[in-house]
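Reading the structure
So you can see what is in the structure, the chains are spelled out below.
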Amino acid sequence: MRQVTAKPKALTNAPFHYCPGCTHGIIHRLLAETLDEFGLTENAIGIASVGCSVFAYDYFNCDMQQAAHGRAPAVATGIKRVRPQNFVFTYQGDGDLGSIGIGETIHAANRGENITIIFVNNAVYGMTGGQMAPTTLLGQKSSTTPTGRSIGEHGYPLPVSELLQALPGAAYVARTTVTSPSQIRITKRALAQAFQAQIQGRGLGLVEILSTCPVNWHMDPVEALTFINEEMVAQFPLGVFKDFDEEVARDGK
Amino acid sequence: MRIKGRVDVEPELCKGCGLCVAFCPRKVLALADEVNSKGYRIVAQVKPEECNGCTICAQMCPDIALTVWRSGRSKEAV
Ligand SMILES: Cc1ncc(C[n+]2csc(CCOP(=O)(O)OP(=O)(O)O)c2C)c(N)n1
Ligand code: SF4
């Protein structure tokens, strides 16, 4: 028999600390596989955010920095400008990127920074106990919206990908999920294209990945995947919102 | 003729989340009564003869606890 699956080289041997069934682990693996496939594991510099993925610096086998809550795109900007020869990525949750860090996110995209953002949207603040995030669904119960999010009291869920695609500096913006092997393949293709945006110097690449938080959603891990497929995708439609390649084709550049 | 597979489970990495159990198309896997040092029930091959090494379990595993092996085509009939 021959071995047909293996841990990517871009991951260390540290076991993930995530809760059972949390799809942060799947997303880590896909990102690591993509780093390996692009031959960037030695060259990359990653920025961990604040949230459950704060320990990403222990898991990725490349240089890592950890940024204050929400500031990863600003830190990535600085690193990429000083070291343009390095591949620079951030890995951020929706509380980090969409709430306290939305300013950094919008301005980094608007400046067209050549960085790649992995945006893990699990609709809650996972690390701190499942409080409402900007991306909490309408009607969704969280520890700070015990009767469900309402428009009148809490406003609408923040559609980060739809917002960013409007900015000329954003080269690639897609929303995917990891709820099945086929969705995992689509996510990997999106990561590859977001990598290309940076490699080709096109501007900011962002992949928003709908991810589970079974513990704070009070669901078992399989139910949590169903929740994404049935509830979350209805309010956060999947798809490619912007692709520099299409612009190339249209403009004939 | 059919392809045979095998799944190796790293017991200390498995958290018993059950995603592999739910996704295995041939019902090869189930949670065992055995627990690891963290107290998680770990997954086991309950129908190892059914495994064809498709790798779906490993793709869905958030903890890279599963390693899949596959043989070339075996002589057995399906
Ligand atoms: C400046 C600052 N404000 C607040 C916090 C508390 N805090 C830690 S993690 C977090 C939210 C994390 O949620 P998210 O980014 O969605 O990531 P997840 O844990 O869900 O993966 C907050 C508010 C902090 N660490 N620093
Ligand atoms: S709290 Fe939620 S996001 Fe954080 S590790 Fe647990 S399941 Fe994952």
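Structural data are supplied above this passage.
What counts as what
- Residues numbered from 1 in each chain as written.
- Chains lettered and ligands numbered in written order.
- Predicted model: local features only at pLDDT ≥ 70, side-chain atom pairs only at ≥ 80, totals over all residues.
- Heavy atoms only, no water.
- Helix = DSSP H or I, 4+ residues; strand = E, 2+ residues; numbered from the N terminus.
- Rg over C-alpha atoms; globule rule 2.2 N^0.38 Å.
- Areas by Shrake-Rupley, 256 points an atom, 1.4 Å probe, with all protein chains shown as cover.
- Buried < 20%, exposed > 50% of the residue type's maximum accessible area, 1.4 Å probe, protein only.
- Contact = heavy atoms within 4.5 Å.
- Buried area = accessible area lost by both parts, 1.4 Å probe.
- Salt bridge = Lys/Arg side-chain N within 4 Å of Asp/Glu carboxyl O.
- Polar contact = N/O pair within 3.5 Å; in protein donor to acceptor, adjacent residues only side chain to side chain.
- Core = buried A, V, L, I, M, F, W, Y, C linked by side-chain atoms within 4.5 Å.
- Pairing = 2+ DSSP bridges.
- Axes fitted to C-alpha atoms, helices over the stretch in contact; angles between N-to-C directions.
- Near = heavy atom within 4 Å.
- Nonpolar A, V, L, I, M, F, W, Y, C, P; charged D, E, K, R; others polar.
- Phe/Tyr/Trp six-rings, centres within 6.5 Å; stacked < 30°, edge-to-face > 60°.

Points about the overall build of chain A
A tally of helices and strands in chain A yields 11 helices and 10 strands. For 253 residues, the compact-globule formula gives about 18 Å, and the C-alpha radius of gyration of chain A, at 17 Å, lands near that figure. With the principal axes as the frame, chain A shows a C-alpha extent of 50 × 50 × 35 Å. Taken as a whole, chain A presents about 10200 Å² of accessible surface, with 53% of it coming from carbon and sulfur.

A short note on unusual backbone geometry
Residues and elements named next belong to chain B. Phi at Thr55 takes a positive value of approximately 75°, unusual for a residue other than glycine. Assignment of secondary structure puts Thr55 in the loop between strand 3 (41-45) and helix 2 (56-60). Exposure remark for Thr55: the relative accessible area of 12% places this residue in the buried category.

Concerning the interface of chain A and chain B
Taken together, the contacts link 28 residues of chain A with 27 residues of chain B. Carbon and sulfur atoms make up 68% of the surface buried where chain A meets chain B, a total of about 2200 Å² over both sides. Connecting chain A to chain B are zero salt bridges. Inspection of the chain A/chain B interface yields eight residue pairs in polar contact (both at pLDDT 80 or more). Counting only elements with at least two residues in the side of chain A that touches chain B, the list comes to strand 1 (2-3), helix 1 (24-37), helix 8 (181-199) and helix 10 (221-235) of chain A.

Considerations on the nonpolar core
Residue and element names in this part refer to chain A. Judged by nonpolar contacts, the single largest core of 42 residues is most densely connected at Leu35, Phe60, Phe89 and Tyr172. Those elements that provide at least two residues to this core are helix 1, helix 2 (56-59), strand 4 (88-93), strand 5 (116-121), strand 8 (170-177), helix 8 and strand 9 (204-210). Setting aside chain neighbours within four positions, we find Phe60 in contact with Ala10, Leu11, Thr12, His28, Leu31, Ala32 and Leu35. By size, the runner-up hydrophobic cluster in this structure holds 20 residues, among which are Ile79, Val88, Leu97 and Phe119.

Looking at the pattern of salt bridges
Throughout the structure, instances matching the rule amount to 12 salt bridges over all chains. Its salt-bridge partner being Glu208 of chain A, residue Arg175 of chain A comes within 3.0 Å of it at the nearest N-O pair. Of the two residues, Arg175 of chain A sits in strand 8 while Glu208 of chain A sits in strand 9, which places them 33 residues apart along the sequence. Per residue, the accessibility class of Arg175 of chain A equals that of Glu208 of chain A, and both read buried. Among the ionic pairs, Arg6 of chain B bridges to Asp8 of chain B, the shortest N-O distance being 3.0 Å. For Asp8 of chain B, a relative accessible area of 29% puts it in the partly exposed group.

Details of the sheet that holds strand 9 of chain A
Strand pairing in a sheet takes place through backbone hydrogen bonds and is either antiparallel or parallel in direction. Residues and elements named next belong to chain A. Here we have seven strands laid out as an open sheet, ordered 3-2-4-5-9-8-10, and mixed in their pairing. Every interior strand has two partners, whereas the edge strands, strand 3 (63-66) and strand 10 (239-243), have only one. Shown here is a sheet whose adjacent strand axes are inclined to one another by a mean of 15°, direction ignored. Two strands pair when backbone bridges link them, and strand 2 (residues 45-48) and strand 4 are joined in this way by four bridges, in the parallel orientation.

Topic: the site of ligand 2
In the region of ligand 2, the neighbouring residues are Tyr18, Cys19, Cys22, His24, Cys52, Asn122, Gly126, Cys213, Pro214 and Asn216 of chain A. Considering only residue class, the shell around ligand 2 consists of six nonpolar, four polar and no charged.

Topic: the site of ligand 1
Residues and elements named next belong to chain A. The environment of ligand 1 is made up of 16 residues, and the closest members are Cys52, Gly95, Asp96, Gly126 and Met127. In the model, an oxygen atom of ligand 1 is placed 2.7 Å from a nitrogen or oxygen of the Asp96 main chain. Between ligand 1 and Asn122 there is a distance of 3.0 Å, counted from an oxygen atom to a side-chain nitrogen or oxygen. Contact with the protein chains hides 73% of the accessible area of ligand 1, taken as 590 Å² for the molecule alone. Ranked by residues supplied to the shell around ligand 1, first place goes to helix 4 (residues 94-100) with four residues. Of the residues that constitute the shell around ligand 1, the class distribution is six nonpolar, eight polar and two charged.

Quick look at the side chain of Arg149 of chain A
Here Arg149 of chain A shows up in the loop between strand 7 (131-132) and helix 6 (151-154). Of the polar contacts made by the side chain of Arg149 of chain A, one reaches the backbone oxygen of Thr136 of chain A; its length is 2.8 Å.

Thoughts on the packing of aromatic side chains
Residue and element names in this part refer to chain A. Tallied over the full model, the rule gives eight aromatic pairs over all chains. Ring centres of Phe55 and Tyr57 lie 6.2 Å apart, and the angle between their planes is 90°; this geometry places the pair in the edge-to-face category. Classification of Tyr57 as partly exposed rests on a relative accessible area of 35%. Through pairs of rings, three or more aromatic residues link up here, namely Phe16, Tyr18 and Tyr59.

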